[in-house]
Every structure is written in C-alpha cells, then in structure tokens.
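What follows is the residue order along each chain.
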Amino acid sequence: MNIIKHEIEEIVDPTGILAGKRYECILHLDVEEDDELYSENGVYVKVLLAMDDNGHRLLSHHLYEENTNKYLDFELEEDELAVILSYCLEQL
C-alpha cells in the first residue's frame, strides 16, 4: 500500500467544544493486486486526525472505492495506520 496523493482539510469547530484541532485527510492509495484491499476502481481512505494537548491520534478511518465512493468494510492493520498517521503529520 502506497499513498499516491492526498487532500487535507482542517475541520473547524464553530462551538469551541472540541479541544485542539481536527483534520480530515483523504489519502488515495496504490494497492497491489494481491492485497485484499485491491479494487480495479482504486481505493482511498478518509481519516479523522486529532491534535491536542494529549498529542496526535487517528480518531477514525474508512476505506472507499475510488470511482464509486462505495464504502469498503475493511480494517487497516496497526502498521498501516502508523504509516498513515506519520504521513498525515508530515503533510501538516
């Protein structure tokens, strides 16, 4: 799994209830054909990232098929999540 492009947007909390900052990261993935995540249409992951006094962490992640935006019911492994978190932090 390789990240080929990304979009990152800060989520603004108009109420001020949430401490710190939140970001939505959309990461477009290049997945090998023998990987269970592979789709001919491509795959992307939407990630919600929190940065506050407790550090930084992934709050959620969801996988989607690129061309159809169909939700893919897969969980990423810990090492894949670590790569995603590191990548997002480098881009901020």
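In this text, all values refer to a predicted model and were calculated from it rather than measured experimentally. The numbering scheme is per chain: residues are counted from 1 as the chain's sequence reads. Totals for whole chains, interfaces and linings use all residues, but because this is a predicted model, local features are given only for residues with pLDDT of at least 70 and pairs of side-chain atoms are given and counted only at 80 or more. By convention in this description, side-chain values take in all heavy atoms of the structure and omit both hydrogens and water.

Student: Give me the pattern of salt bridges: which residues, what numbers.
Tutor: For this document, the term salt bridge refers to a Lys or Arg side-chain nitrogen within 4 Å of an Asp or Glu carboxyl oxygen. Evaluated as defined, the whole model comprises one salt bridge. In this structure, Asp52 and Arg57 form a salt bridge, with 3.1 Å as the shortest nitrogen-oxygen distance. Exposure remark for Arg57: the relative accessible area of 31% places this residue in the partly exposed category. In this scheme, a residue with accessible area under 20% of its type's maximum is buried, one over 50% is exposed, and one in between is partly exposed, where area comes from a 1.4 Å probe on protein chains only.

Student: Just give me the short version of the packing of aromatic side chains, but keep the residues and values in it.
Tutor: Only Phe, Tyr and Trp rings take part, Trp by its six-membered ring, and two of them pair if their centres are within 6.5 Å. Stacked means planes under 30 degrees apart, edge-to-face means over 60, and tilted covers everything else. Tallied over the entire structure, the rule returns two aromatic pairs. The interplanar angle of 20 degrees and the centroid separation of 5.3 Å between the aromatic rings of Tyr44 and Tyr64 together place this pair among those described as stacked. Remark: Tyr64 occurs in strand β4 (residues 55-65) and Tyr44 occurs in strand β3 (residues 43-52); sequence separation between them is 20 residues. Here Tyr44 and Tyr64 have matching classes, each one buried. Both rings, one in Tyr64 and one in Tyr71, keep their centres 5.9 Å apart while their planes meet at 70 degrees; by these two values the pair is edge-to-face. With relative accessibility at 17%, the residue Tyr64 sits in the buried group. You can call Tyr71 partly exposed: its relative accessible area is 39%. Here the aromatic residues Tyr44, Tyr64 and Tyr71 are joined through ring pairs into a cluster of three or more. Positioned over the ring face of Tyr64 is Lys46, at 5.6 Å from the centre of the ring. Secondary structure elements are defined from DSSP: runs of H or I of at least 4 residues count as helices, runs of E of at least 2 residues count as strands, and each element is numbered from the N terminus. Lysine NZ or arginine CZ positioned within 6 Å of the ring centre and within 35 degrees of the ring normal marks a charge as sitting over the ring.

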